[in-house]
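Analysis of the macromolecular model
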Amino acid sequence: MRVHIPKNKRVVQTYAKSLHNSVDIAKFKEDLKAAKNIAFLSGAGISSESGIPTFRGRGGYWRRYSAASLATPEAFKENPSLVWEFYHHRREVAAKAQPNKGHIAIAQYEAKHGKAKIITVVTQNVDSLHARAGTKNLVELHGSLFKTRCTKCNDVLVNTDNPICEALANKWAPGKDVVDSDIPVKSLPHCKKANCNGLLRPHIVWFGESLETPVFERADEAMSKCDVCLIIGTSSLVYPAAGFGPLAAARGAIVAEFNIEKTPATRSFTYYFGGPCAVTLPRVLND
Ligand code: BV8
Ligand code: ZN
């Protein structure tokens, strides 16, 4: 029977918890064992050990631009060539990257316990590394680098062509003094559906865009029904994803954060496991 701890006492106890307290690992493993419904929410931090730069920190820049300034519909409207060069670069980096021990620990945990428990992996990442690690019940909140959407007929297709079109061949160098290619729109990727030929865009949710309703609803269902929730490698700054963990904690779910540093959400969580998640996740998931 779980004793409800008043918030303030829980805050004090949360700070006392850390990976170095092996009691926590044992306790959290017990919580996982007893859980019927487990949700994972990952951010860019889980892929950083696969060599994919995170949004914030040093990696958040490409050429002279911050990643977030290019991940907007306005940037695409204004300069589709530049935005396609940016996403071509990210497709190249993600295609060359391998899932790391963090992705694999989650996929193996699902494979082992997915029959007896409901296990959902919700990711903010667009790099496809969870899928490539073998995760099955996956919700890609913000879409995928390897899907395109037609700006005219809305057709969504998986596309792993590298380069995605001739004009983008070798046009992705990230250096800050690289001259942008200024590719004419007609040479950018276009829809191959009959009588369409609309300009393609990455099937990715940009800042200022709404998440696809069915995708959001699947994530919301998982995060509002789970007994235990693991929040992994995210700065918990971008909504609506950032709201899921604190909402789960507020309704009494056990929430464990895996990050190399504390975040604005840490204090509302039950556990904080500090350190690279390719180390901390296998420690708690591999039984
Ligand atoms: C929305 C895809 C409704 C793109 C992403 C003005 C107008 C419109 C909306 C807004 C507005 N102002 C605010 C908003 C809402 C906005 C938002 O929240 N903005 C923030 C900046 C305040 N949200 C939206 O726009 C969302 N849509 O609200 O729709 C709406 C619609 C219209 C009008 C009004 C409302 C859509 C957001 C989705 C944007 N797309 N990604 C692409 O990838 O190209 S977001 C992108 O950044 C990521 O996907 C992720 O979601 C987000 C945060 O990144 P993180 O994953 O957390 O990565 P980050 O680098 O920040 O942190 C890494 C963490 O890992 C760090 O904590 C680090 O310590 C840790 N770490 C590093 N290494 C490790 C590690 N941890 C463990 N181990 C390690 N080894
Ligand atoms: Zn089309």
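Residues numbered from 1 in each chain as written. Chains lettered and ligands numbered in written order. Predicted model: local features only at pLDDT ≥ 70, side-chain atom pairs only at ≥ 80, totals over all residues. Heavy atoms only, no water.

1. A few points about the pattern of salt bridges
Filter applied, for reference: Take a side-chain nitrogen of Lys or Arg and a carboxyl oxygen of Asp or Glu: if they are within 4 Å of each other, that pair is a salt bridge. What counts as a helix is a DSSP run of H or I of at least four residues, what counts as a strand is a run of E of at least two, and both are numbered from the N terminus. For every residue, the accessible area obtained with a 1.4 Å probe (protein chains only) is divided by the maximum for its type, and the residue is called buried under 20%, exposed over 50%, and partly exposed between those limits.
Per the counting criterion, the structure on display carries seven salt bridges. Here Glu 85 and Arg 63 are joined by a salt bridge, their closest N and O atoms 2.8 Å apart. Placement of the pair is Glu 85 in helix 5 (residues 80–96) and Arg 63 in the loop between strand 2 (61–62) and strand 3 (65–66), with a sequence separation of 22 residues. Across the pair, Arg 63 and Glu 85 agree in class, each one buried. Among the salt bridges present, the one from Asp 180 reaches Arg 64, with a minimum N-O distance of 3.2 Å. Placement of the pair is Asp 180 in the loop between strand 7 (156–158) and strand 8 (200–204) and Arg 64 in the loop between strand 2 and strand 3, with a sequence separation of 116 residues.

2. A look at the sheet that holds strand 8
Counted only if it meets this: Two strands pair under a simple rule: DSSP has to find at least two bridges between them. Fitted lines through C-alpha atoms serve as axes, helices being fitted only where they are in contact, and the angles separating the N-to-C directions of these axes extend from 0 to 180 degrees. It only takes one pair of heavy atoms within 4.5 Å for two residues to be counted as in contact.
Reading across from one edge, 7-6-8 is the order of the three strands in this open sheet, with antiparallel pairing throughout. Bordering the open sheet on either side are strand 7 and strand 8, each of which pairs with just one other strand. With strand direction ignored, the average angle separating the axes of adjacent strands in the sheet is 45°. Its contacts with the sheet put helix 5 on strand 6 (143–150) and strand 8, and the angle it makes with strand 6 is roughly 140°.

3. Points about the confidence of the model for the protein chain
The test is simple: How sure the predictor is of each residue is captured by pLDDT, a score from 0 to 100.
For the protein chain, mean pLDDT is 92; residues scoring 70 or higher make up 91% of the total. Low pLDDT (under 50) marks residues 14–19, which in the prediction has 21 contacts with non-local residues, meaning those over four places away or in another chain.

4. Let's talk about the packing of aromatic side chains
The criterion, for reference: Ring pairs are drawn from Phe, Tyr and Trp, using the six-membered ring of Trp, whenever the two centres fall within 6.5 Å, and their geometry is named by plane angle: stacked under 30 degrees, edge-to-face over 60, tilted for the rest. In this analysis the charged atom, NZ for Lys or CZ for Arg, is taken to sit over a ring once it is within 6 Å of the ring centre and within 35 degrees of the ring normal.
All told, the structure shown has 12 aromatic pairs when counted by the stated rule. Look at Phe 76 and Trp 206: their rings are 5.4 Å apart centre to centre, the planes differ by 40°, and that puts the pair in the tilted class. Remark: Trp 206 occurs in the loop between strand 8 and helix 8 (213–225) and Phe 76 occurs in helix 4 (residues 73–78); sequence separation between them is 130 residues. Residue classification places Trp 206 among the buried positions, given a relative accessible area of 2%. An angle of 40° between the planes, with centres 5.1 Å apart, marks the rings of Phe 258 and Phe 273 as tilted. Highlighted residues: Phe 258 in strand 10 (residues 254–259) and Phe 273 in strand 11 (residues 271–274), separated in sequence by 15 residues. The exposure class assigned to Phe 258 is buried, which follows from its relative accessible area of 1%. Overall, the relative accessible area of 0% leaves Phe 273 in the buried class. An aromatic cluster is built from Trp 62, Tyr 65, Phe 76, Phe 86, Tyr 87 and Trp 206, whose rings are joined through pairwise contacts. Stacked on the ring of Trp 206, the Lys or Arg Arg 201 has its end atom at 3.8 Å from the ring centre.

5. Let's talk about the site of ligand 1
Note the following rule: Here, proximity means that at least one heavy atom of the residue falls within 4 Å of the molecule or strand. The definition of a polar contact used here is a pair of N or O atoms within 3.5 Å, where within protein one atom must be able to donate a hydrogen and the other to accept one, and adjacent residues in sequence count solely through side-chain atom pairs. Note on areas: Shrake-Rupley with a 1.4 Å probe; residue coverage comes only from the protein chains shown. All residues other than Ala, Val, Leu, Ile, Met, Phe, Trp, Tyr, Cys, Pro, Asp, Glu, Lys and Arg, Gly among them, are scored as polar; the first ten of these are nonpolar and the last four charged. For the purposes of this description, domain bounds are those given by an automatic or database domain assignment.
By nearness alone, 33 residues border ligand 1, and Arg 56, Tyr 87, Arg 90, Gln 124 and Ser 235 come closest of all. Between ligand 1 and Arg 90 there is a distance of 2.6 Å, counted from an oxygen atom to a side-chain nitrogen or oxygen. Its free accessible area being 1,500 Å², ligand 1 has 75% of it covered by the protein chains. Across the shell around ligand 1, the residue classes tally to 15 nonpolar, 13 polar and five charged. There are two domains that each give the shell around ligand 1 at least three residues, and those are domain 1 (33–51 + 99–142 + 211–287) and domain 2 (53–96 + 143–204).

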